[in-house]
Amino acid sequence: MKIYFLNGLRSGERIELSGKKIRIGRETDNDIIIETAGVSRYHAELIGQAGGDWLLKDLGSTNGSKVNTKLIKDEKLLTEGDVVALGDQNFRMGEKKTKAESKAKPPGIPIIQAVIKTMEDEKTATPAPVQKIVFEPIQVKTQKASKTVKKSSSPDPVIETVKSETAKAEPLMTAKELAESAANIFGAQSETSKVDKKTSAPVVGKHVFNILFYLILLMTVVIFVFWFLNSNKNTKKVLVVSVAREKEVPLVLYYVKDKITNNNVFRFSLLVENNTARFTIDDLKSDRHYNKTIKNIRPECLRALKTAIEDTGFMDLLPVSRGSMVDNLDETRQMTIALKNKFNSISIQNNSAPTSFEEIESAIEDFADAYDLLTFAMTPEELKKRAIASFTKAEEYYANRTAMPGNLLEAERRYKMTIDYLDQFSPKPRIWEIARKRHAEVEAMRKKRWKELRYEVERLERLAKIKDAIATLNEMIQLTSVDSKAYKKIQARITRLSERLNERKK
């Protein structure tokens, strides 16, 4: 099966899926690399299934994974034509379904039709026979032999054709026949034929019917008691949940940062309310306009914000006086918070902010970073400044790549940071293009060297040169991202070989 990229930088590309597991994310050691906003470093995994199907598994990503616009919990079996959304990147699994395929309905249940005999003379025609569906779990002989039963090829339901004049028939089974049939259930056909001459009723059938009745009654009582106890447990759970919800402290936070100059207006705002967060950015000069809403904020992120507010004296802050403009820059920061029946709103204009105000600003940056939105809170000047510093550092690491294997990985990471800082600009600065080319070169060099070392480790292990294999693995681990699965595998391999080496020394 192939996947087709529907938007972003890779729009129009298609990839043939092969293998058992395909990992997708922003990191360079993924099988499919997607450098798009909202995509985590190790976002999701495609797992091949028997028959050619694929299973999408979310790897605990920040923004989750969606299939046909619906957020999945952990994993989802995909079918051809499904559209998968990882952050802002959309791709389709296989060919797009046609309208005819999408509207096709599954075959309905076959309809059983009774054959009605056509009369030769329409004037003397009798009313059409009425179809009556009778479900008979036990084969029972009816008393009236005059009724004819028309059996279908399928075992059930049984279709009986009766004339409309005799539609009101007597019950198919009498109490006596029901008792006999109950005995037949337990296979006592020969014994139930014995009849008490005085009462003319089946002796064994009565006992079996009584036992069956009391057994059903007992089971009903047991089920009722079980249901009653469970309902009480559920009621207690509901009460516990409701009490816990009552203890939850609602938080309302509104933060806005404005920077106004002679040729630009920059605004960043964050509104946290009703367990949702809304990020907004407007940058007139760079033509950046961005809105993102986070529904159902992760509990740990919300808890960190509340803790930062409670640990400061923000609620007791007094209004801060207004300062004067510096270098034609009018900067205003406003923070409004409502928490635990307390409320305060502080505005800082062209002036230094109190410590508690800046601590909450730092917590807001961490909150934005948790959703990969930290760069959106920066002005173009701040982004360019960080991009230049990151690019300069990357060049230093690249120049000294032979001195230490880890320098190659660090150069790759710094080039990637430069790209991320400048990715929002349109048109892109020249340094962005240079960083992209260098990043691709360094990534290819690192992967090539990593494969060479892997083959070398296998060769040394075959030759039983354990010490040399460990040294080669230590070089490999310097070319591997710390939070990757490959890093953990190399660590485990080093530990295993070290144990073998110690056993030899003994």
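Summarised in this report is the structure supplied together with it. Each chain carries its own residue numbering, running from 1 in the written order of its sequence. Reporting of local features is limited, given that this is a predicted model, to residues whose pLDDT is at least 70; pairs of side-chain atoms are given and counted only at 80 or more, and all residues count toward the totals for whole chains, interfaces and linings. Hydrogens and water molecules were not included; the side-chain quantities draw on all heavy atoms of the structure.

Quick word on the overall build of the protein chain
Strands are runs of DSSP state E lasting at least two residues, helices are runs of H or I lasting at least four, and both sets are numbered from the N terminus onward. Looking only at helices and strands, the protein chain features eleven helices and 19 strands. Between two residues, a contact is recorded if the distance between any of their heavy atoms is within 4.5 Å. Within the protein chain, contacts between residues at least 6 apart in sequence are counted, and of these 51% link residues at least 24 apart. Element-wise, carbon and sulfur atoms account for 55% of the exposed surface of the protein chain, whose accessible area totals about 33,100 Å². Areas reported as accessible are Shrake-Rupley estimates using a 1.4 Å probe. Residue values count occlusion only from the protein chains shown.

Digging into the nonpolar core
In this text, buried Ala, Val, Leu, Ile, Met, Phe, Trp, Tyr and Cys residues form a nonpolar core when linked through side-chain atoms within 4.5 Å. Relative accessibility under 20% of the residue-type maximum defines a buried residue, over 50% an exposed one, and the middle range a partly exposed one, all with a 1.4 Å probe and only protein chains included. Membership of the largest hydrophobic core comes to 35 residues, with the highest contact counts inside it found for Leu 253, Leu 270, Val 272, Phe 279, Phe 314, Ile 337 and Phe 367. Within the residue set of this core, elements represented by two or more residues are strand 14 (251–260), strand 15 (265–273), strand 16 (276–283), strand 17 (288–295), helix 5 (299–310), strand 18 (330–339), strand 19 (342–349) and helix 6 (355–370). Looking at this core element by element, the count peaks at six residues for helix 6. Core analysis: the next-biggest nonpolar cluster, separate from the first, contains 32 residues, Ala 387, Phe 391, Val 442 and Leu 453 among them.

A short note on the environment of Ala 399
The residue Ala 399 is located in helix 7 (residues 380–399) in this model. In sequence terms Ala 399 and Ala 411 are twelve residues apart; their C-alpha atoms lie 9.1 Å from each other.

Some details on the pairing of strand 16
Two strands pair if DSSP finds at least two bridges between them. Judged from the eight bridges that link them, strand 15 and strand 16 form a sheet pairing that is antiparallel. Paired with Arg 267 across the two strands is Asp 282, which belongs to strand 16. What sits between the antiparallel neighbours strand 15 and strand 16 is a turn of two residues, in which Asn 274 has the positive phi angle 55 degrees. When strand 16 meets strand 17, the two strands line up antiparallel, connected through eight bridges. Its bridge partner being in strand 17, Ala 277 is matched across the sheet by Ile 294. Between strand 16 and the antiparallel strand that follows it, strand 17, lie four residues; Asp 287 among them carries a positive phi value of about 55 degrees.

Quick word on the pairing of strand 15
Bridge count for strand 14 against strand 15 is eight bridges, and the pairing is antiparallel. Looking at the pairing, Leu 253 lines up with Val 272 of strand 15. Hairpin geometry of strand 14 and strand 15 is characterised by an intervening segment of four residues between the two adjacent antiparallel strands.

Comments concerning the sheet that holds strand 17
Taken in spatial order, the six strands line up as 17-16-15-14-18-19 in an open sheet, and their pairing is antiparallel. Taken across any chain shown, the strands that pair with only one partner, and hence form the sheet edges, are strand 17 and strand 19. Across the sheet, the mean angle from the axis of one strand to that of its neighbour is 5 degrees, orientation sign disregarded. Sheet contacts for helix 6: strand 14, strand 15, strand 16, strand 18 and strand 19; angle to strand 18, the most-contacted strand, approximately 85 degrees. To get an axis, a line is fitted to the C-alpha atoms, and for a helix only the part in contact is used. The angle between two axes follows their N-to-C directions and goes from 0 to 180 degrees.

Description of the packing of helix 7 against helix 9 (residues 430–462)
Between helix 7 and helix 9, the shortest axis-to-axis distance is 12 Å and the interhelical angle comes to 35 degrees. For helix 7 against helix 9, the interelement crossing comes out left-handed. In contact with Ala 387, Ile 388, Phe 391, Glu 395 and Tyr 398 of helix 7, helix 9 contributes Ile 431, Ile 434, Ala 435, Arg 438, Val 442 and Met 445. Residue classes in the contact of helix 7 with helix 9 are distributed as nine nonpolar, no polar and two charged. Here a crossing is called left-handed whenever its near helix is offset anticlockwise from the far helix by less than a right angle, and right-handed whenever the offset is clockwise. As a working rule, the residues Ala, Val, Leu, Ile, Met, Phe, Trp, Tyr, Cys and Pro are called nonpolar, Asp, Glu, Lys and Arg charged, and the rest polar, with Gly in that last group.

Re the packing of aromatic side chains
Working definition: a ring pair exists when centres of Phe, Tyr or Trp rings (six-membered ring for Trp) sit within 6.5 Å. Plane angles under 30 degrees give stacked, over 60 give edge-to-face, the rest tilted. Under the definition given, this model contains six aromatic pairs. Relative to Phe 367, the ring of Phe 279 has its centre 6.1 Å away and its plane inclined at 20 degrees; by these criteria the two rings are stacked. One end of the pair, Phe 279, is in strand 16; the other, Phe 367, is in helix 6, with 88 residues separating them in the sequence. For Phe 279, a relative accessible area of 3% corresponds to the buried category. Note on Phe 367: relative accessible area 3%, which makes it buried. In this structure an aromatic cluster arises from ring pairing among Tyr 255, Phe 268, Phe 279 and Phe 367. Only when the NZ of Lys or the CZ of Arg is both within 6 Å of the ring centre and within 35 degrees of the ring normal is a charge said to sit over the ring. The lysine or arginine in question, Arg 401, covers the ring of Tyr 398, its NZ or CZ lying 4.2 Å from the ring centre. The side chain of Lys 428 reaches across the aromatic face of Trp 432, ending 5.3 Å from its centre.

Side note on the pattern of salt bridges
Definition used for salt bridges: Asp or Glu carboxyl oxygen within 4 Å of a side-chain nitrogen of Lys or Arg. The final tally for this structure, using the stated rule, is 20 salt bridges. Between Lys 340 and Glu 310 there is a salt bridge, and its shortest N-O distance comes to 3.3 Å. With Lys 340 in the loop between strand 18 and strand 19 and Glu 310 in helix 5, the pair connects residues that are 30 residues apart, well separated along the chain. The class of Glu 310 is partly exposed, set by a relative accessible area of 42%. Among the salt bridges present, the one from Lys 447 reaches Glu 443, with a minimum N-O distance of 3.3 Å. In this pair, Lys 447 and Glu 443 are both assigned in helix 9, four residues apart and thus about one turn of the helix distant. Here the salt bridges do not stand alone but share partners, grouping Lys 259, Glu 331 and Glu 382 into one network.

Brief notes about the sheet that holds strand 3 (residues 21–25)
If you trace the five strands from one edge of the open sheet to the other, you get 4-3-5-6-9, paired in mixed fashion. At either margin of the open sheet sits one strand with a lone partner, and together these are strand 4 (32–33) and strand 9 (75–78). Strand direction decides the pairing type here: strand 3 and strand 4, joined by two bridges, are parallel. Bridge pairing links Ile 24 to Ile 32 in strand 4.

Everything listed is a geometric property; what it means functionally is a separate question.
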